[in-house]
Amino acid sequence: MKRIFFFIGILTLNLFSATKVLAEEELLLNVATSEGKFEVVDKSLPKSFRMNQIKFRIFNTNPDNLVAQIVLLEKNNKIDTSELFDKWNLNLWIWGPNLECIDTNNCDYILRIIPNINMDSDSKQNTIRLLKRQTDKEFTVLDCPSKWREGTTSTGNAMISLSLSLSCLNIQSSFAFYAYSGYGIGAEEEAKQYTLSYLITNDYFNLAKQAYENNGGRKGLDTPDWTSESNRQLCVTATTGAGYAKKVSIDEQCSDDTKTWQYTYCGVHPKSDLEVMTSKKWKKVKTYIGIMNKNCLDSSSPYEYNFSRQLELEKVRIKNYGSSKFKIGYLNVGFDIKYVPTLR
């Protein structure tokens, strides 16, 4: 553990750059680090254990539930409990109230969150240790139930999500974090990767305590909000691409069917093609015929299309044939698996 503490003191000089989005019906907090930017990555660390991005989300249905998502570099990477994963040391560190306190030994708290990936796969518990100083060898294991689960991003990257209670863990409105991934390559040596340290401000922290109490307090944490399959949604977003004057995200549409994606929009031409990337070339898989629909808000786009396809690890776009007024244009289709918590 000494290797981890040595690097934290250097990393806290860096500031967090993130995009925060408030969706009125969904997210209170949505921040993410830049993809693929890390302070250190040992070449001896297997790609299966390399991180690509760290995300934090809070849904408005439970402002107490902080979901930390560790996105891995490799795609279609199955997390299991084999001997290979027994050597994996994945940690998330959270402390507050600021970045610098971990160097000056005056933090209100320091949390080390360890997903027990190499243990019983059915339990999927996190161990959370509370420390006073970064160099402490002694710690307290907190009695705040917390679980992890695996998932997949819209680009097919494996992702580990951690469910954390702000109130039980006493995580305040501003907190710093840092992630570490290590892999045992010898008796004592560990190949490692670690992020910079970042500071996050949660503008909706004052809503957490009431949600915590409404959900049963400590006892309500035994079952995380996203343990049910019904709380997973497949969300589809279309973004303008080639042929359009500027890049615009048109709409996000979500459904409870996480195996087949669906997307509906109105176009100017009576037909459109669905294309996928195959061998680095776009290939048409189906031509859709639009249906005249008075419900289309724009009279210049009267044709409604209902696209659907089984979710695969592939790039997808829609070809719009245009009209006398509009050129041929392409919509790039993106996917995301989201966990939508519900109050119990």
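The rules behind the values
Residues numbered from 1 in each chain as written. Predicted model: local features only at pLDDT ≥ 70, side-chain atom pairs only at ≥ 80, totals over all residues. Heavy atoms only, no water. Helix = DSSP H or I, 4+ residues; strand = E, 2+ residues; numbered from the N terminus. Buried < 20%, exposed > 50% of the residue type's maximum accessible area, 1.4 Å probe, protein only. Areas by Shrake-Rupley, 256 points an atom, 1.4 Å probe, with all protein chains shown as cover. Polar contact = N/O pair within 3.5 Å; in protein donor to acceptor, adjacent residues only side chain to side chain. Pairing = 2+ DSSP bridges. Axes fitted to C-alpha atoms, helices over the stretch in contact; angles between N-to-C directions. 1 Å grid on protein atoms, 1.4 Å probe; cavity = no way out; pocket = protein on both sides within 12 Å on 5 of 7 lines; lining within 4 Å. Points joined across faces, edges and corners; volume = space filled by probe spheres on them. Nonpolar A, V, L, I, M, F, W, Y, C, P; charged D, E, K, R; others polar. Contact = heavy atoms within 4.5 Å. Core = buried A, V, L, I, M, F, W, Y, C linked by side-chain atoms within 4.5 Å. Salt bridge = Lys/Arg side-chain N within 4 Å of Asp/Glu carboxyl O.

When helices and strands are counted, the protein chain shows four helices and 22 strands. Burial status across the protein chain gives 48% buried among its 344 residues. Accessible surface, the protein chain as shown: approximately 17600 Å² in total, 49% of it carbon and sulfur.

Note on placement: S163 falls in strand 10 (residues 157-165). For S163, a relative accessible area of 8% translates into the label buried. A distance of 2.8 Å separates polar atoms of two side chains, one belonging to S163 and the other to N65.

What follows is about the sheet that holds strand 9 (residues 148-152). Pairing in this open sheet of five strands is antiparallel, and the strands run 1-3-4-10-9 from one edge to the other. Only two strands of the sheet have a single neighbouring strand rather than two, namely strand 1 (27-32) and strand 9. Each neighbouring strand pair of the sheet contributes to a mean axis angle of 20°, computed without reference to strand direction. Relative to strand 10, strand 4 (residues 65-75) runs antiparallel, the two being bridged by eight bridges. Across the sheet, residue A68 finds its bridge partner in strand 10, namely L162.

Another point: the layout of surface pockets. Quantified by volume, the second largest pocket comes out at close to 690 Å³. Around the second largest pocket, the lining comprises 27 residues; the ones closest to its centre are Y244, I250, Y265, C266 and S301. Mapped by element, the contributors of at least two residues to the lining of the second largest pocket are strand 15 (249-255), strand 16 (260-267) and strand 22 (329-339). The leading source of residues in the lining of the second largest pocket is strand 16, at five residues. Taken together, the residues that form the lining of the second largest pocket break down as 12 nonpolar, 10 polar and five charged.

Here the focus is unusual backbone geometry. Put simply, G96 and P97 share a cis peptide bond, and its omega is 15°. Mapped onto the secondary structure, P97 falls in the loop between strand 5 (88-96) and helix 2 (101-104). One non-glycine residue, N105, lies in positive phi territory at about 60°. By the element assignment, N105 lies in the loop between helix 2 and strand 6 (109-115). Unusually for a residue other than glycine, N170 sits at a positive phi of about 60°. Given the relative accessible area of 46%, N170 is considered partly exposed.

So, on to the pairing of strand 12 (residues 190-194). The element strand 12 is extensively covered by neighbouring structure, given that five of its five residues are classed as buried. Burial along strand 12 is two-sided: the residues E190, K192 and Y194 and A191 and Q193 are all buried. Looking at chain direction, strand 2 (residues 40-41) and strand 12 are connected through two bridges and run antiparallel. Bridging from a neighbouring strand, V41 pairs with Q193 of strand 12.

By the element assignment, W282 lies in strand 18 (residues 281-289). The class of W282 is partly exposed, set by a relative accessible area of 31%. Counting along the chain gives 33 residues from W282 to K315, while the straight-line C-alpha distance between them is 8.9 Å. The contacts of W282, once residues within four sequence positions are left out, are E275, V276, M277, K315, V316 and R317.

In spatial order, the strands read 16-20-19; together these three strands make up an open sheet with antiparallel pairing. The open sheet has two free edges, formed respectively by strand 16 and strand 19 (291-292), since each of these has just one partner strand. As paired strands, strand 19 and strand 20 (residues 303-310) are joined by two bridges and run antiparallel to one another. Looking across to strand 20, one finds that M292 is bridged to Y303.

Turning to the pairing of strand 1, a few remarks are in order. Of all six residues in strand 1, five are buried; the element is thus mostly enclosed. Two elements, strand 1 and strand 3 (residues 51-59), share five bridges in a ladder whose sense is antiparallel. Residue pairing in the sheet places L27 in a bridge with F59 of strand 3.

Moving on, we come to the nonpolar core. F56, L92 and I94 are the most contacted members of the largest nonpolar core, which has 44 residues in total. The residues touching F56, leaving out its near neighbours within four places in the chain, are L29, N30, V31, L66, V67, A68, L92, I94, F175, F177 and I200.

With that out of the way, let us pick up the environment of I113. Tracing the backbone through its elements, the reader meets I113 in strand 6. Ignoring any residue separated from it by four or fewer positions in sequence, one finds I113 in contact with L90, N91, L92, I94, N126, T127, I128, L162 and L164.

Quick look at the pattern of salt bridges now. Per the stated rule, a full pass over the model turns up five salt bridges. In this structure, the salt-bridge partner of E275 is R317, at a minimum N-O distance of 2.6 Å. Remark: R317 occurs in strand 21 (residues 316-320) and E275 occurs in strand 17 (residues 271-278); sequence separation between them is 42 residues. Across the pair E314 and R309 runs a salt bridge whose closest N-O atoms are separated by 2.7 Å. Taking the relative accessible area as the measure of exposure, E314 reaches 22% and is therefore partly exposed. The exposure class assigned to R309 is partly exposed, which follows from its relative accessible area of 25%.

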